[in-house]
Amino acid sequence: MNIAFRVDSSIQIGIGHTMRCLSLADQIRKANKIFFIIRLLDGSLEGLIKDRGYKVILLPNIEQKIVKGRIESKPILSNENYWSQDANDTKGVIEDKKLDWLIVDHYGFDYRWHKIINKFTKKLMVIDDLANRKLLCNVLLDQTYGRNHEDYDDFVEKDTEMLLGANYALLRPEFSNLRISAASKRKNINTISNILISFGGMDYKNITQKVLDTILLVKWQENLVINITLSRSAPNINLLKSYISKINSRHKVSLLLDTSRIAELMLEADLAVGSSGSSAWERCAMGLPTIAICVASNQKLILNNLHKDGVHIALELDRYDEIPQLFSELSKINDNPTKLEDLSNKSLKICQAKGSFLAALKILPHYAKDGKKVDLRKVEIPDSKLIYDWQKNPKTRKYAIHSSVPSWEDHVFWMNQKINSKLSFFWIILHDGIARGVLRLDPINLGEGDGYLISIFIDPKKYGLGIGKKAIDIAKYIFLGTTLYAKVLENNNRSISLFSRSDFKFREDLTYFEWR
């Protein structure tokens, strides 16, 4: 397939839009031709995109113009007619490309831009988190925590497929791969020895320096490792380097530019101080306790929702871009680090770090033997009755590990446990958009490292269509790089055949089927 991304980054826009598009691109790049269309702005990530192996087509910089011999800049989003010029520029790039998908992540575009561009692509996906304007697309992805369908009632067509909520956050695979380790590390937080400061790639207000200055004023119980992440393109980078070079402290301060180790740094950290933009989902995925500071108006909804549910400690800048409450909050944490355990537990429930894979399934779908699409959606409490009916079916119970039918009360209790689990995955299997089974993965360690135990059952009325096989194929795709196990009774020939055809190997020493 021919797939294009239309996304920008700059000092004003930041790098989050581009980074999440790259995360999605990495999951669909196999056997597909992918290229990025970006505008050449001050702070654009052309080099990074190319380094990741993608072709880049540049649109000209229209932020800058020459006025009486000198350069004047005007942010593109302040130009109300920008969408029209960009639509024409983008059209010029794609009109002969025969695109299968165009994926656009840009606050400056609405249905008017989409209407023009839709003529030159089979399908359009919009990535957005504002819910403030009319959109015209096949698929809408909004990774905002607490977002619901009603927020878009006035902004999208009825047939638009919506992927909403933080479980669709477009993160790189390493965040998912380290989640079990992160949850284990944060079970007992007794002291603070490692703090991560992260205000996106640009931090044009230089909030980083103010946070660092405040952290150094606290009389910490331990010597700290303080890691700071920024882009080399950040406008205040030299000012920050100079400030750090003059620090005389018992704490170790490191400035890490364009690091690829964000997930590992979050695993190592005991506390983060950062903005409430896209990196909020990375920190939630890692269960990293966070003091979140709102540095842009579009971050307020995220900040407020996470604070309301006790996930982050939320602070705001005053009119001088200072953070008057930061010292007090840091001091409270220093006096009582154990309070961070609750923040960590609640964070882990927000984002499971599989959004890039789930979004990719919309672009690269799987099909059953009858040609109908097989997909997944998260299980919800209203599914309890349907799942209970499937579980009670004699054909399902015959080969269940626990053959007795649970009571309705026990079933509802179990459903709540699984839905609210920090680390388990609990999905309805969809066949042509209709619920036809259950796929569940629970963390397990059989002495050979962390893995997941897979459990699956299909509506007996739909046996023989290959739905179970495709659901397992999807699980293998989503959990690539992770060991999967299956426990199958020795007389369950149907399941033995299913897992064997899915490339699971029986381990006699473990008495489990294994895929790695």
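Scroll up to find the structure.
In what follows, the accompanying structure is described.

Procedures and definitions
Residues numbered from 1 in each chain as written. Predicted model: local features only at pLDDT ≥ 70, side-chain atom pairs only at ≥ 80, totals over all residues. Heavy atoms only, no water. Salt bridge = Lys/Arg side-chain N within 4 Å of Asp/Glu carboxyl O. Helix = DSSP H or I, 4+ residues; strand = E, 2+ residues; numbered from the N terminus. Buried < 20%, exposed > 50% of the residue type's maximum accessible area, 1.4 Å probe, protein only. 1 Å grid on protein atoms, 1.4 Å probe; cavity = no way out; pocket = protein on both sides within 12 Å on 5 of 7 lines; lining within 4 Å. Points joined across faces, edges and corners; volume = space filled by probe spheres on them. Axes fitted to C-alpha atoms, helices over the stretch in contact; angles between N-to-C directions. Parallel < 35°, antiparallel > 145°, perpendicular 65-115°, else oblique. Left-handed = near helix turned anticlockwise from the far one by under 90°. Contact = heavy atoms within 4.5 Å. Nonpolar A, V, L, I, M, F, W, Y, C, P; charged D, E, K, R; others polar. Pairing = 2+ DSSP bridges. Phe/Tyr/Trp six-rings, centres within 6.5 Å; stacked < 30°, edge-to-face > 60°. Lys NZ or Arg CZ within 6 Å of the ring centre and 35° of its normal.

1. Some remarks on the pattern of salt bridges
Now for step 1: As enumerated under the stated definition, the model contains 42 salt bridges in all.
Now for step 2: Close ionic contact of Lys362 with Asp375 constitutes a salt bridge, the shortest N to O distance being 2.4 Å. Taken together, the positions of Lys362 in helix 14 (residues 355-363) and Asp375 in strand 17 (residues 373-378) put the pair 13 residues apart, joining distant regions of the chain.
Now for step 3: Residue classification places Asp375 among the buried residues on the basis of a relative accessible area of 6%.

2. What to know about the layout of surface pockets
Now for step 1: The volume enclosed by the second largest pocket comes to roughly 1,300 Å³.
Now for step 2: Considering the residues around the second largest pocket, the lining is formed by 44 residues, among which Thr396, Ala400, Ser455, Ile456 and Phe457 are closest to the centre.
Now for step 3: Contributions of two or more residues to the lining of the second largest pocket are made by helix 16 (394-397), helix 17 (408-419), strand 19 (434-445), strand 20 (450-458), helix 18 (467-478) and helix 19 (493-501).
Now for step 4: It is strand 20 that provides the largest number of residues to the lining of the second largest pocket, a total of six residues.

3. Section: the packing of helix 15 (residues 384-392) against helix 17
Now for step 1: Put simply, helix 15 and helix 17 touch, their axes get as near as 11 Å, and they point 120 degrees apart. Judged on the interaxial angle alone, helix 17 and helix 15 are oblique. Note that helix 15 runs across helix 17; the crossing there is right-handed. Here Ser384, Lys385, Ile387, Tyr388 and Gln391 of helix 15 lie close against helix 17, whose contacting residues are Trp408, His411, Trp414 and Met415.
Now for step 2: Taken together, the residues that form the contact of helix 15 with helix 17 break down as five nonpolar, three polar and one charged.

4. Description of empty space enclosed by the protein
Now for step 1: For the structure on display, the rule yields one cavity of 30 Å³ or more.
Now for step 2: Put simply, the largest cavity is a space of about 30 Å³.
Now for step 3: Forming the walls of the largest cavity are Thr191, Ile192, Gln221, Glu222, Asn334 and Pro337.
Now for step 4: Across the lining of the largest cavity, the residue classes tally to two nonpolar, three polar and one charged.

5. Quick look at the sheet that holds strand 10 (residues 194-198)
Now for step 1: What the six strands build is an open sheet, ordered 12-11-10-13-14-15; its pairing is parallel. Sheet topology places strand 12 (252-257) and strand 15 (313-316) at the edges, where each strand pairs with a single neighbour. Across this sheet, the average inter-strand angle for adjacent strands is 15 degrees, counted without regard to direction.
Now for step 2: Packed on one face of the sheet, helix 7 (residues 207-215) meets strand 10, strand 11 (225-230), strand 12, strand 13 (271-275) and strand 14 (290-294) and runs near 160 degrees to strand 10.

6. Re helix 11 (residues 300-308)
Now for step 1: Along helix 11, the residues classified as buried are Ile302, Leu303, Asn305 and Leu306.
Now for step 2: Here the buried face of helix 11 lies against helix 10 (279-285), strand 14 and strand 15.
Now for step 3: Note on helix 11: the residue one or two positions beyond its end, Gly310, has a positive phi of about 70 degrees.

7. A closer look at the packing of aromatic side chains
Now for step 1: Applying the stated criterion across every chain, the model contains 17 aromatic pairs.
Now for step 2: Pairing Phe36 with Tyr54 gives two aromatic rings, centres 5.4 Å apart and planes at 55 degrees, and the pair type is tilted. A residue pair is termed long-range when its members are at least 10 positions apart, and Phe36 in strand 2 (residues 33-39) and Tyr54 in the loop between helix 2 (46-51) and strand 3 (55-59) qualify at 18 residues. Side by side, Phe36 and Tyr54 carry an identical accessibility label, which is buried.
Now for step 3: An aromatic cluster of three or more residues is present, and its members are Phe425, Trp427, Tyr452 and Phe479.
Now for step 4: Of note, Lys134 hangs over the ring of Tyr111, and the distance from its end group to the ring centre comes to 5.0 Å.
Now for step 5: Of note, Lys487 hangs over the ring of Tyr512, and the distance from its end group to the ring centre comes to 4.5 Å.

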